[in-house]
Amino acid sequence: MKYMSGNELREKFLKFFEERGHLRLPSASLIPQDDPTLLLIGAGMAPFKPFFTGKMKPPSPRVTTCQKCIRTGDVENVGKTARHGTFFEMLGNFSFGDYFKNEAIEWAWEFFTKVIKLPVEKLYVSIYQDDDEAFDIWHNKIGLPEDRIFRMGKEDNFWEHGVGPCGPCSEIYYDKGEEYGCGKPGCTVGCDCDRYMEVWNLVFTQFCKEEDGSYSNLDHPNIDTGMGLERLATVMQGVNSIFDVDTVKAIRDKVCEISGKKYGEEHKYDVSIRVITDHVRSVTFMTSDGVMPSNEGRGYVLRRLIRRAARHGRLLGIQGSFLAKLSAEVIEGSRAGYPELEDK
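These lines cover the structure that appears in this document, whether it is placed above or below.

Cut-offs used in this document
- Residues numbered from 1 in each chain as written.
- Predicted model: local features only at pLDDT ≥ 70, side-chain atom pairs only at ≥ 80, totals over all residues.
- Heavy atoms only, no water.
- Helix = DSSP H or I, 4+ residues; strand = E, 2+ residues; numbered from the N terminus.
- Rg over C-alpha atoms; globule rule 2.2 N^0.38 Å.
- Buried < 20%, exposed > 50% of the residue type's maximum accessible area, 1.4 Å probe, protein only.
- Contact = heavy atoms within 4.5 Å.
- Lys, Arg positive; Asp, Glu negative; His and termini not counted.
- Charge placed at Lys NZ, Arg CZ, Asp CG, Glu CD.
- Expected span 1.5 Å × (residues − 1).
- Pairing = 2+ DSSP bridges.
- Axes fitted to C-alpha atoms, helices over the stretch in contact; angles between N-to-C directions.
- Parallel < 35°, antiparallel > 145°, perpendicular 65-115°, else oblique.
- Nonpolar A, V, L, I, M, F, W, Y, C, P; charged D, E, K, R; others polar.
- Arc of directions from axis to C-beta.
- Polar contact = N/O pair within 3.5 Å; in protein donor to acceptor, adjacent residues only side chain to side chain.
- Core = buried A, V, L, I, M, F, W, Y, C linked by side-chain atoms within 4.5 Å.
- Phe/Tyr/Trp six-rings, centres within 6.5 Å; stacked < 30°, edge-to-face > 60°.
- Lys NZ or Arg CZ within 6 Å of the ring centre and 35° of its normal.

## Points about the overall build of the protein chain
Consideration 1: If you tally the helices and strands in the protein chain, you get 11 helices and 9 strands.
Consideration 2: For the protein chain, the C-alpha radius of gyration of 20 Å lies close to 20 Å, the compact-globule estimate for 344 residues.
Consideration 3: Summarising its shape, the C-alpha atoms of the protein chain cover approximately 60 × 50 × 40 Å along the three principal directions.
Consideration 4: Taking all 344 residues of the protein chain together, 52% fall into the buried category.
Consideration 5: Across the protein chain, the fraction of contacts at a sequence separation of at least 24, relative to all contacts at a separation of at least 6, is 68%.
Consideration 6: Placing the 45 positive and 52 negative side-chain charges of the protein chain at their respective mean positions leaves the two points 6 Å apart.

Take a look at the structure:
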């Protein structure tokens with residue numbers, strides 16, 4: 001398995017789907033457009049809701065993007081673990097009434113095994129418990145053994161994000177090895193330990209969740225896939241967490257340089273270093289999209305992240321303003337994929 005940088009992985013993914021008839025679009029703004037149900041964009045498909053529901057015509061029936069995303073539901077866990085974060089990049093390929101499960105599964109497998117050359121023996125999948133069609137594709141067309149296909153319930157394998165398009169999904173897992181497992185005899189896909197890491201989620205969008213919680217059928221089934229770039233990069237770079245990935249680590253190292261603290265020596269300092277590293281990414285991207293600090297809405301989210309990062313800077317002994325210096329590091333590492341960072 002060859003080492004690949006985050007920027008290289010992003011480009012390989014987008015180019016792969018461009019070659020298969022997808023229109024490459026730039027990431028949408030983190031500020032949702034004409035969608036009062038969302039405070040910030042938190043998924044690759046969120047900007048495309050009108051295309052999935054048929055309210056608007058897409059610029060192409062096939063689209064691929066790398067979408068910047070913010071999720072703050074687990075903000076209190078950021079820093080305490082090496083895997084929680086508020087900002088991430090979501091790679092995705094989308095079909096608006098064009099192709100469906102066959103192509104989505106076959107292309108995902110081709111990208112993993114032929115393009116970035118993940119070891120086949122380390123890949124496992126899960127499907128929605130009633131999705132016999134997905135099982136047939138994985139088992140009979142891809143050739144995956146039955147014991148590496150796991151049927152799971154709605155909580156695990158049915159994707160929905162607020163109201164709007166949703167449906168059953170199939171997730172692809174990477175086996176990081178026994179050393180990451182819990183050691184229990186029944187440890188396998190779905191275990192709470194860190195051995196089997198979900199990398200790519202293929203959503204077969206067939207339904208629309210309404211405001212009253214009911215589901216209606218979409219006129220045309222769609223495909224919505226999502227794969228966290230940072231998570232994929234941990235696999236390709238052989239590291240243990242998103243904070244060790246090249247572009248993120250560069251920010252982490254800058255925090256250490258400014259604070260004079262060494263990462264990995266003391267837990268309380270590691271927590272603060274991770275909080276600042278994550279939050280300054282979110283703050284920089286949000287500001288570049290026009291979000292400003294305020295007392296409500298997304299402006300409050302921004303203000304809270306700035307204040308948390310500043311507070312943890314004090315806990316590291318940093319005096320004076322320092323977040324602007326770190327923003328420069330974010331811009332340097334990500335401007336290739338997001339030119340608006342430098343422009344704005």
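Text resumes after the structure shown.
## Side note on unusual backbone geometry
Consideration 1: Of note in the backbone geometry, Asp-34 takes a positive phi value of approximately 55° without being a glycine.
Consideration 2: Take Asp-34: it is sitting in the loop between strand E1 (23–24) and helix H2 (49–53).
Consideration 3: Not every positive phi belongs to a glycine, and Lys-117 is a case in point at roughly 55°.
Consideration 4: You can see Lys-117 is positioned in the loop between helix H3 (101–115) and strand E4 (123–128).
Consideration 5: Given a relative accessible area of 54%, Lys-117 falls into the exposed group.

## Here's the deal with the environment of Met-227
Consideration 1: Note that Met-227 resides in strand E9 (residues 215–228).
Consideration 2: Along the chain, Met-227 and Leu-91 lie 136 residues apart, while their C-alpha atoms are 5.0 Å from each other.
Consideration 3: In contact with Met-227, not counting residues within four places along its chain, are Phe-13, Glu-89, Met-90, Leu-91, Phe-111, Phe-112, Val-199, Trp-200 and Leu-232.

## Quick look at helix H7 (residues 246–259)
Consideration 1: Taking 1.5 Å per residue as the helical rise, H7 with its 14 residues ought to reach 20 Å, and the 20 Å between its terminal C-alpha atoms agrees with that figure.
Consideration 2: Along H7, the residues that are buried comprise Thr-247, Val-248, Ile-251, Arg-252, Val-255, Cys-256 and Ser-259.
Consideration 3: Residues of H7 that are buried make contact with helix H1 (6–18), helix H6 (229–236), helix H8 (267–288) and helix H10 (323–334).
Consideration 4: Just downstream of H7 lies Gly-260, where phi reads positive at about 80°.

## Let's talk about the pairing of strand E2 (residues 62–70)
Successive side chains on a regular strand alternate, one facing one side of the sheet and the next facing the other.
Consideration 1: Among the 9 residues in E2, 8 count as buried, and that is most of the element.
Consideration 2: The sheet contact formed by E2 and strand E3 (residues 87–95) spans 9 bridges and is antiparallel. In the sheet register, Cys-66 faces E3, and the bridge partner there is Leu-91.

## Quick look at the packing of H8 against H10
Consideration 1: Running from N to C, H8 and H10 point in directions that differ by 75°, and their axes come no closer than 9 Å. When the axis of H8 is compared with that of H10, the two are roughly perpendicular. Counted together, Ile-276, Val-280, Arg-281, Thr-284 and Phe-285 of H8 and Leu-323, Leu-326, Ser-327, Val-330, Ile-331 and Ser-334 of H10 form the full contact between these two elements.
Consideration 2: Per-class residue counts for the contact of H8 with H10 are 7 nonpolar, 3 polar and 1 charged.

## Some points on helix H4 (residues 132–142)
Consideration 1: Those residues of H4 that sit buried are Ala-134, Phe-135, Ile-137, Trp-138 and Ile-142. Take H4 and look down its axis: the buried residues cluster within an arc of 160°, on one side only.
Consideration 2: On the buried face of H4, the contacting elements are H3, E4, strand E5 (149–152), strand E7 (164–175) and strand E8 (196–209).
Consideration 3: Looking one or two places after H4, you find Gly-143, whose phi comes out positive at around 90°.

## A closer look at the environment of Tyr-263
Consideration 1: Note that Tyr-263 resides in the loop between H7 and H8.
Consideration 2: Setting aside residues up to four positions removed in sequence, Tyr-263 forms contacts with Phe-243, Asp-244, Arg-252, Cys-256, Asp-270, Ile-273 and Arg-274.
Consideration 3: Looking at Tyr-263, its side chain comes within polar contact range of the side chain of Arg-274, at 2.8 Å.

## A short note on the nonpolar core
Consideration 1: Of all hydrophobic cores here, the largest spans 72 residues; its most connected members are Phe-112, Trp-138 and Trp-200.
Consideration 2: It is H3 that contributes the most residues to this core, 7 residues altogether.

## Section: the packing of aromatic side chains
Consideration 1: Within this structure, the stated rule accounts for 25 aromatic pairs.
Consideration 2: Taking 5.5 Å as the distance between ring centres and 80° as the angle between the ring planes, the aromatic pair formed by Phe-13 and Phe-111 counts as edge-to-face. In this pair, Phe-13 is assigned in helix H1 and Phe-111 in helix H3, connecting sequence segments 98 residues apart.
Consideration 3: Residue classification places Phe-13 among the buried positions, given a relative accessible area of 0%.
Consideration 4: In this structure Phe-111 comes out as buried when scored by relative accessible area, which is 0%.
Consideration 5: Arranged with centres 6.2 Å apart and planes meeting at 20°, the rings of Phe-158 and Phe-207 form a pair that is stacked. Here Phe-158 is found in strand E6 (residues 158–159), whereas its partner Phe-207 is found in strand E8, with 49 residues between them in sequence.
Consideration 6: Phe-207 sits in the partly exposed class, given a relative accessible area of 23%.
Consideration 7: Through a chain of ring-to-ring contacts, three or more aromatic side chains come together here, namely Phe-13, Phe-16, Phe-17, Tyr-99, Trp-107, Phe-111, Phe-112 and Trp-200.
Consideration 8: Here Lys-154 stacks its cationic end above the ring of Phe-158, 5.1 Å away from the centre of that ring.
Consideration 9: Here the basic side chain of Lys-176 rests over the ring of Tyr-180, its NZ or CZ set 4.4 Å away from the ring centre.

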